[in-house]
Amino acid sequence: MSLAWRLARRELRGGLAGFRILILCLALGVAAIAAVGMLRAAIEGGLADQGSVILGGDAQMNFTYRFASVEERAWMESHAAKVSEVVSFRSLAVAGEDRALTQVKAVDDLWPLLGSVGLEAGTLAEAFAVKDGLPGGIMEKVLADRLGLKLGDRFKLGTQVFRLGAVLLKEPDSATSGLGLGPRTLVRTVDLALSGLIAPGTLYETDYRLLVPGADLDALKAQAVAAFGDKGLQWGDRRHAAQGVERFVERLGSFLILVGLAGLAVGGVGVASAVRAFMEARVATIATLKVLGAEGSLVLRIYLLQIAVICGIGVVLGLVLGAGGLMLGAPLLAGVMPFPVSFRLYPGPLLEAAFYGAVTGHLFALWPLAQAVRQKVTALYRGTAARVWPKAVHLAAMAGLLALFIGGAVWFSGSWKLALGTLGGVFAALLVLALAGLGLKALARMLARRRFVDGRPGVRWALAAIGGPRSEALAVVLSLGLGLSVLAVVGQIDANFRASIARDLPAKAPSFFFIDLQDAEVQPFLAMVKGNPAVSKVETAPMLRGILTKINGVNARDVVGDHWVVMGDRGITFSDAPPPGTKVTAGVWWPKDYTGPAQISFAAAEASEMKLKLGDKLTVNILGRDIEATITSFRKVDFSSAGMGFVMAMSPSAVAGAPHTSIATVYAEGSAEAAILRDTSKAFPNITAISVKDAIGRVVDALGAIATATVLAAGAVLVTGVVVLIGGAAAGVPARMREAAVLKVLGATRGRILASFALRSGMMGAAAGLVAILAGAIGGWAVLRLVMDLPYRFEPWSALGIVLGGMVATLAAGVVFALAPISARPARVLRDAE
Amino acid sequence: MNTVLDLKDVRLSLKGNAGPVEILRGISLTVREGESLALIGPSGSGKSSLLMLMAGLERATGGTVSALGQDLTGLDEDALARFRRGNMGVVFQSFHLIPTMTALENVAVPLEIAGEAGAFARAMAELEAVGLGARAGHYPSQLSGGEQQRVALARASVGRPKLLLADEPTGNLDTVNGAAIMDLLFGLRDRHGATLVMVTHAPELAERCDRILRLADGVLA
Ligand SMILES: Nc1ncnc2c1ncn2[C@@H]1O[C@H](COP(=O)(O)OP(=O)(O)O)[C@@H](O)[C@H]1O
Ligand SMILES: [Mg+2]
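*Asks:* Help me get a handle on the interface of chain B and chain A, residues and values and all.
*Replies:* Contact residues are listed per partner, giving 35 residues for chain B and 28 residues for chain A. For the pair chain B and chain A, the two sides together bury roughly 2,800 Å², of which 53% comes from carbon and sulfur. Among the residues chain B hides against chain A, the three largest losses belong to B:Glu77, B:Glu112 and B:Ile113. Together they make up 20% of the total. Remark: the boundary between chain B and chain A carries eight salt bridges. A salt bridge links A:Lys290 to B:Glu77, with the nearest nitrogen and oxygen atoms 2.7 Å apart. Inspection of the chain B/chain A interface yields 15 residue pairs in polar contact (both at pLDDT 80 or more). Sorting the residues of the side of chain B that touches chain A by element identifies helix H2 (77-84), helix H3 (103-114) and helix H5 (145-157) of chain B as the ones contributing at least two each. Looking at side-chain class alone, the side of chain B that touches chain A contains 16 nonpolar, nine polar and 10 charged residues.

Laid out in structure tokens, this is it:
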């Protein structure tokens, strides 16, 4: 057994009593990192799982107007564990005299591959079952009501008769449908064989949902596109399942990475301050070992071994604490989340936390050790450690650990920009905090000489403790300040992020979309709804659907990537004159009765995202026909209000002859909605009404989930941060213990000592808090503007609340932890201190 | 006889809050082998500082300090630590025992560090020599001041150092305990023939030494 290990063990052997505080702080730091990391993984896992459910599979291959060919089908079968086929088209559902437009989804026996169907009653199999020779169909309630159907009643799709088997409450794979389609009818594809609906030439599309557990989606996509891309295959996978919420999911991803890094910073502070306090208490022993002939390397080994053992214990405890705590809270947390968060024991975050705990522990132990071995023994005994530079080897070792730490942060976070940006921010904050700490010390020294201190020993002690030699002020301001700063930044991001979600939700959405209005119906329809006093606004526009396929002759996807405008078909309108309220931002609208080459007016914001210029030529495929049009104007379109919004408006002559219908948006009081629906569907039986409330409800659900996720993640950082700050207060206990003993010997009452300690914590907390508020504002701004591309507004209540909360927690912890010192018998304390 | 300690024009100035403080201002002295020397002088006159310089625990800012023929001024911290092994035993006024180690372990540490065999047996013998064989398993916090200083004495002498340096070894003790410590100290010196330099401000203790040097305000009087 080596000498270093023997001596190290001797110190460790005293039982863990002497190391309780160090181990506690280490464990809390590691627990913070582990818990936040696990939560991040759980939310990401949940989102990924949710992505699959929304999509209906891990990946999806989509074809228009045809089924997959034999080769395509064979490819799918050979690459996926399961393949499910879904056919969608629009059709009229007919029941007696009533008819209504519906979006039909025809499925196979495997559907749904993921998630479950919500029916008002009964099972999917019962609903689809053939009874009295009639296959079952499932309808959304709004559709069944419009057709006046009850369970068991008959309805027709094409020439096939169905019976209503069940009423649909929820489809798992609904988010892909988006807005603007009719209410749903679900049937089995086999039952449509005689309907005459799915025939060559009819407008339908097929989706093949694939389950490919563990597969590399990028590679799979590349393979599929290479093989069938030129045959009209459209690929989708779970990573981009939730259209419309994608932007938020992306931002949530960055937010979660930042949260993980914040947890790391907070946890690192905990570990660092604990190790620092531990090493401080060992300085006299180090000096004695040197007196007795120990070389620096021996001293170093003795303490690094101890740190290794303690880190080991602290890390294990921290992992248990962090993971266990999170798992205990999981049912509760899962209950709050509208989408399933996958709480599992993720080895990644645990490994990460252990790694950081060990590296931080050694890094912060190495610095004081490397200094101590170079210091004169007399200086060590006196505690007047002059600043000496560690030896080159030790500096190199520390640089190595630091590099390991930074490398780890980059590696684990998966985003070097965010990781380095965060670390840069942390270093900047430390710099400002150091200045604040030094300023506080200078201020304390200055105040100590002022008159008002006379006759107030409590104040004098506090000032002396801050301004005097061996002051802990700098260290406390640094660690407390960094902790509070991180919390303040997280608070700012969280508050702004949630505000932006609320802001992006349509504040004044229309009550209904009406689609499939024939030209002849538009005027009577307008007259009818405008006559209703509950209706505040009606808008109509003619609409076709088309796909933007080429930009200046080049495949649009190659030009703008996965921009949503080119990800499928879009509504396109046409008009002689700018519709009322249109703001043309550049170029000019075509003249009235214009019949020249096709022109297009493009939404300004999207155009600038796609880097389109006036004069660019777009190819739009409308019902199989390619139309080439030149962009001649940009206009402002607000897509956030869920009102009418078209990316593209064309000159009427360009699409003359193409079959089209009109859509209308109706804004009305909620109480009148039922009546409007009833009246319009009676008067215009083949117009389809879409309740916007229902449609955006799903989006709202998804956004709500994200808001909850951010609250949860931010909350995890806040809670663990406060716990770590409390741990920091605990680290100061031994020092406090000695001071209290000496002061008591000098005749100070306990109340006075406590008040003095509180005053001291308060002053250091104030310095740390001021910097933290500043850091919160700057950090929040940087993250929101630079990383998330969101507007930033300083949220004073969040900042004040968090910083004050943190300070109060620290102060309270300081008082609680001071209770033991001030009630301890001075004799014992002073004797142990020898 | 050989010269054990040779100080030439030793100066020490340390940075205080209000600029540098001249603590030792040109001290020259030699100590021969087997000699015992008492350093006396008022508090703050620099006695401890001088002793620490002799032990290589403090660095002179001027002049040279050589011990046992080795110039200490040029050595770094590690070399000084190695040099102390087996050459020097130091006793402090405030004991400086390692709080996490028992009396026996405290005494054994210098031998262990020097890599010598039978550390614990020899440490036990040394503890018994100072009359603490029965307290070997006790921690410093469980021992009285006098007992702690006896452990410290045993620890200083266990490696049979040629040079024993003691800084007011009885300063924290009552007269009875103080006298006992002095008896032990001189007993150890006599038995092992070590050279002894002792700081004290008690004249009757200084009288027991071969030679007395008085320090005042950083210079020898
Ligand atoms: N690290 C230091 N910084 C500043 N002054 C010091 C330091 N160490 C000792 N002194 C001063 O040096 C003088 C001598 O101290 P010391 O050698 O301990 O004296 P003695 O042991 O004779 O009482 C004292 O005035 C003391 O205040
Ligand atoms: Mg002294």
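We are not done yet, so read on.
*Asks:* Break down the sheet that holds strand S9 (residues 211-216) of chain B for me, citing the residues and quoting the values.
*Replies:* All names here are of chain B. Across the sheet, six strands lie side by side as S6-S7-S8-S3-S9-S10; this open sheet has mixed pairing. On the outer flanks of this sheet lie strand S6 (88-91) and strand S10 (219-220), each paired with one strand and no other. Note that S9 and S10 share two bridges and pair antiparallel. Note that in S10 the partner of Ala-216 across the bridge is Val-219. H5 rests against S6 and strand S7 (163-167) of the sheet, and its axis sits at about 170° to S6.

*Asks:* Describe helix H14 (residues 457-467) of chain A, listing the residues and the values that go with them.
*Replies:* A turn of α-helix holds 3.6 residues, and therefore any two residues three or four places apart point the same way. Taken together, the buried positions of H14(A) are A:Gly458, A:Val459, A:Ala462, A:Leu463, A:Ile466 and A:Gly467. Buried residues of H14(A) fall within an arc of 150° about the axis and therefore sit on the same side.

*Asks:* Please provide a residue-by-residue account of the sheet that holds strand S1 (residues 3-16) of chain B, values included.
*Replies:* All names here are of chain B. Spatially, four strands are ordered S2-S1-S4-S5 in an open sheet, and the strand pairing comes out antiparallel. Each edge of the open sheet is held by one strand with a lone partner, namely strand S2 (19-32) and strand S5 (70-71). Strand direction decides the pairing type here: S1 and S2, joined by 11 bridges, are antiparallel. Within the sheet, the bridge partner assigned to Leu-7 lies in S2 and is Leu-29. The strands touched by helix H1 (residues 47-54) within the sheet are S1, S2 and strand S4 (62-67), with S2 carrying the most contacts at an inclination of about 60°.

*Asks:* Tell me what's going on with the pairing of strand S14 (residues 570-574) of chain A, and back it up with residues and numbers.
*Replies:* All names here are of chain A. Most of S14 is tucked away, with five of its five residues classed as buried. Of the two faces of S14, the one lined by Arg-570, Ile-572 and Phe-574 and the one lined by Gly-571 and Thr-573 are each fully buried. In terms of strand pairing, strand S12 (residues 535-551) meets S14 through three bridges, oriented antiparallel. Pairing of Gly-546 across the sheet is with Arg-570, part of S14. Looking at chain direction, S14 and strand S19 (residues 648-650) are connected through three bridges and run parallel. Considered in S19, the bridge of Thr-573 is made with Ala-649.

*Asks:* Residue-level account of the packing of H3(B) against H5(B), with values.
*Replies:* Residue and element names in this part refer to chain B. Packing of H3 against H5 leaves a shortest axis separation of 7 Å and a crossing angle of 25°. Classified by the angle between their axes, H3 and H5 sit roughly parallel to one another. In the crossing of H3 with H5, the sense of the turn from one axis to the other is right-handed. Residue-level inspection shows Ala-103, Asn-106, Val-107 and Pro-110 of H3 in contact with H5, the latter providing Val-151, Ala-154 and Arg-155. Classifying every residue of the contact of H3 with H5 by side-chain character gives five nonpolar, one polar and one charged.

*Asks:* Give me the nonpolar core: which residues, what numbers.
*Replies:* Membership of the largest hydrophobic core comes to 160 residues, with the highest contact counts inside it found for A:Leu289, B:Leu5, B:Leu50, B:Met54 and B:Val197. By residue number, the principal contributor to this core is helix H7 (residues 246-281) of chain A, which donates 17 residues. A domain split of this core shows at least three residues from each of domain 1 (1-33 + 247-321 + 344-414) and domain 3 (421-509 + 696-834) of chain A. Counting 38 residues, the second-largest nonpolar core is a separate cluster that includes B:Ala119, B:Leu132, B:Ala166 and B:Ala206.

*Asks:* Give a detailed account of the packing of aromatic side chains, specifying residues and quantitative values.
*Replies:* Residues and elements named next belong to chain A. Overall, the coordinates contain 11 aromatic pairs over all chains when judged by the stated rule. Here Phe-355 and Tyr-356 contribute two aromatic rings whose centre-to-centre distance is 5.4 Å and whose plane-to-plane angle is 65°, an arrangement assigned as edge-to-face. Here the aromatic rings of Trp-367 and Trp-389 are separated by 6.1 Å at their centres, their planes lie at 90°, and the arrangement is edge-to-face. In this pair, Trp-367 is assigned in helix H10 (residues 347-372) and Trp-389 in the loop between helix H11 (377-382) and helix H12 (392-413), connecting sequence segments 22 residues apart.

*Asks:* Which residues make up the pattern of salt bridges, and what values do they have?
*Replies:* Inspection of every chain in the model, using the stated rule, returns 29 salt bridges over all chains. One salt bridge in this structure joins A:Arg6 and B:Glu112, with 2.9 Å as the shortest N-O distance. Highlighted residues: A:Arg6 in helix H1 (residues 3-13) and B:Glu112 in helix H3, drawn from two different chains. Looking at B:Glu112, the relative accessible area reads 5%, which means it is buried. For B:Asp9, the salt bridge is made with B:Arg11, and the minimal N-O distance between the two is 3.6 Å. Through salt bridges with shared partners, one network takes in A:Arg6, A:Arg10, B:Glu105 and B:Glu112.

Conventions used here
- Residues numbered from 1 in each chain as written.
- Chains lettered and ligands numbered in written order.
- Predicted model: local features only at pLDDT ≥ 70, side-chain atom pairs only at ≥ 80, totals over all residues.
- Heavy atoms only, no water.
- Contact = heavy atoms within 4.5 Å.
- Buried area = accessible area lost by both parts, 1.4 Å probe.
- Salt bridge = Lys/Arg side-chain N within 4 Å of Asp/Glu carboxyl O.
- Polar contact = N/O pair within 3.5 Å; in protein donor to acceptor, adjacent residues only side chain to side chain.
- Helix = DSSP H or I, 4+ residues; strand = E, 2+ residues; numbered from the N terminus.
- Nonpolar A, V, L, I, M, F, W, Y, C, P; charged D, E, K, R; others polar.
- Pairing = 2+ DSSP bridges.
- Axes fitted to C-alpha atoms, helices over the stretch in contact; angles between N-to-C directions.
- Buried < 20%, exposed > 50% of the residue type's maximum accessible area, 1.4 Å probe, protein only.
- Arc of directions from axis to C-beta.
- Parallel < 35°, antiparallel > 145°, perpendicular 65-115°, else oblique.
- Left-handed = near helix turned anticlockwise from the far one by under 90°.
- Core = buried A, V, L, I, M, F, W, Y, C linked by side-chain atoms within 4.5 Å.
- Domains from an automatic or database assignment.
- Phe/Tyr/Trp six-rings, centres within 6.5 Å; stacked < 30°, edge-to-face > 60°.

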